[in-house]
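Read off the chains here:
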There are 2 protein chains.
Amino acid sequence: MSTIEVGMKRTAFFISDGTGITAETLGNSLLSQFEDITFDKITLPYVDTVQKAQQVVDRINRQGEIDGKPPIVLDTIVNDEIRDLLASCNGFKIDVFSTFLKPLESELETHSSYSVGKSHAINEMERYKDRIDSVNFALDNDDGARTRQYNQADIILVGVSRCGKTPTCLYMALQFGIRAANYPLTEEDMEANRLPEILQQHRHKLYGLTIDPFQLAAIRHERRANSRYASLDQCDFEVRTVERLFTKENVDCINTTNFSIEEIATRIINETGLKRRIS
Amino acid sequence: MSTIEVGMKRTAFFISDGTGITAETLGNSLLSQFEDITFDKITLPYVDTVQKAQQVVDRINRQGEIDGKPPIVLDTIVNDEIRDLLASCNGFKIDVFSTFLKPLESELETHSSYSVGKSHAINEMERYKDRIDSVNFALDNDDGARTRQYNQADIILVGVSRCGKTPTCLYMALQFGIRAANYPLTEEDMEANRLPEILQQHRHKLYGLTIDPFQLAAIRHERRANSRYASLDQCDFEVRTVERLFTKENVDCINTTNFSIEEIATRIINETGLKRRIS
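As recorded by an unreviewed UniProt entry, chain A carries the name Putative phosphoenolpyruvate synthase regulatory protein and is attributed to Marinobacterium stanieri. UniProt lists a comment for chain A under the heading Sequence similarities (unreviewed entry), and it reads "Belongs to the pyruvate, phosphate/water dikinase regulatory protein family. PSRP subfamily." Its UniProt record gives chain A the following Function (unreviewed entry) comment, quoted word for word: "Bifunctional serine/threonine kinase and phosphorylase involved in the regulation of the phosphoenolpyruvate synthase (PEPS) by catalyzing its phosphorylation/dephosphorylation."

Engineer: If you had to explain the domain arrangement of chain A to someone new, which residues and values would you point to?
Structural biologist: For chain A, the domain assignment lists domain 1 (8–108) and domain 2 (120–272). Centre-to-centre, using C-alpha coordinates, domain 1 of chain A lies 38 Å away from domain 2 of chain A.

Engineer: Describe in detail the pattern of salt bridges, supporting the description with residues and values.
Structural biologist: If you walk through the whole model with that rule in mind, you get 30 salt bridges over all chains. One salt bridge in this structure joins aspartate 48 of chain A and lysine 52 of chain A, with 2.8 Å as the shortest N-O distance. What makes aspartate 48 of chain A partly exposed here is its relative accessible area of 27%. The partner of glutamate 109 of chain A in a salt bridge is lysine 69 of chain B, and the shortest N-O contact between them spans 4.0 Å. Taken together, the positions of glutamate 109 of chain A in the loop between helix 5 (96–108) and helix 6 (118–140) and lysine 69 of chain B in the loop between helix 3 (50–67) and strand 3 (72–76) put the pair across two chains. Beyond isolated ion pairs, a larger network of salt bridges with shared partners links Asp80, Arg83 and Asp95 of chain A.

Engineer: Describe the interface of chain A and chain B, and please don't skip the residues or the numbers.
Structural biologist: Between chain A and chain B, the residue contacts involve 85 residues of the former and 85 residues of the latter. In total, chain A and chain B occlude about 7600 Å² of area from one another, counting both sides; carbon and sulfur atoms represent 62% of this. Where chain A touches chain B, the interface holds nine salt bridges. Between glutamate 107 of chain A and arginine 10 of chain B there is a salt bridge; the shortest N-O distance is 2.5 Å. When contributions to the side of chain A that touches chain B are tallied by element, the ones reaching two or more residues are helix 2 (21–31), strand 2 (38–44), strand 4 (92–95), helix 5, helix 6, helix 7 (165–176), helix 10 (213–223) and helix 12 (261–272) of chain A. The greatest single-element share of the side of chain A that touches chain B, amounting to 15 residues, is contributed by helix 6 of chain A. Of the residues assigned to the side of chain A that touches chain B, the class counts are 37 nonpolar, 25 polar and 23 charged.

What counts as what
- Residues numbered from 1 in each chain as written.
- Chains lettered and ligands numbered in written order.
- Predicted model: local features only at pLDDT ≥ 70, side-chain atom pairs only at ≥ 80, totals over all residues.
- Heavy atoms only, no water.
- UniProt positions renumbered as here; feature names shortened; annotations may be inferred.
- Domains from an automatic or database assignment.
- Salt bridge = Lys/Arg side-chain N within 4 Å of Asp/Glu carboxyl O.
- Buried < 20%, exposed > 50% of the residue type's maximum accessible area, 1.4 Å probe, protein only.
- Helix = DSSP H or I, 4+ residues; strand = E, 2+ residues; numbered from the N terminus.
- Contact = heavy atoms within 4.5 Å.
- Buried area = accessible area lost by both parts, 1.4 Å probe.
- Nonpolar A, V, L, I, M, F, W, Y, C, P; charged D, E, K, R; others polar.

So this is what it looks like as structure tokens:
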């Protein structure tokens, strides 16, 4: 391996006294801007004691010696003592909280809470319940299985089988506490060329998903190889028919082909102005 | 309303040219450190043109006039032109990317990509597939419905009905691409006082969830009010029996009572050393 290639690989540590999700989300976002470097990413959550922090420092320093380059160290540690210890490592440090909390404190003219994990305790119970309720709602109202709770739905996703409805509903439930149902349009619905009765009643809650027929065929092929269901002809027919139906019935719709689950979910929320129940 | 009370409420904008999830996650994390201030949080995703940015600037400025205080403006905009325009607003600005990308560029001795959305396109297809596969796995293997795919599972959560298994599995699937199955221990299993045969075979993949009986009763009550299933006696009996079973069979276990879904998931991943499939 040449020197140049070695230089293209770096280790990054995302460190937190909590779940590590903030550190990881921000870290991934920052590092994704450097396309010509490969990062070995290591998330270390629940570093909430000085002892654990010392182990982390040792690990970072060892990794730096192996790599011959300082690891990137991004942390969202709240506790001063733990954060100071971590700052003694031989890494390239991105200290999110001291960077932003100090200026925020002056702007808001108040102190922030520095006790480990303190900030998370308060609303967790309510969030937990909201999420469980929303996940249960998504599961109970998945795949058109039940429709009698549609009056409680915040949104009802419609589209052909396997176009991404279920994961999008679950993501909306888990991330935002939104009650999302989904209904797969059947061949019967397509032949009738109209929305089924049950959906007509909730027309204002409908949002369509569509997808490139080639990708649909590939996804269906994994579930039921070489079936009529997975054939390109069938996928193409279904997608075209359903897209025409969306236009005819004035159902807003998003093409999911090039989007991640979070992009589909956030774009729909953005388009519809749907209110998040948790944040 | 007194002047002091007015000062306790601030508006915060989380702005992004993408989903807004990074801005929102970091923003929530920073603002949660200020417990004595109420924030009205507004996420504005997909601000990816100069026109949209100008509308956002106008909105921020209007809000600042209404509030009598500058709104907090946290953005993760990559494009220079859009970011510069946004910087002209009368808000208290937290510019995440210019704060951290510039020093990272010198450390990594390379330039970051500044094209809007460019960074997201590359691995999305792979991530999408991984997630869909994992969500399908979680759904197919939910609630002990099917057990024949347990050899493909990364982890199998066990516990009494309604202790948080399903949302935890789905979170692991969506957030980390982990293949998580779950199996509810039945009264039959409890009476036998041993793990069912199917779980014995996959003992190294098992992880237990337990919960405070009072909370369990409250959760079950919402599903089936005034049933034996939701009675405190029954919940207490099940939880105690299953906890003893976990100890006897050496199944590691987490008490979910005071944790959010993401905390349960990340703690289990941290304890087990389970590998994330996506990040």
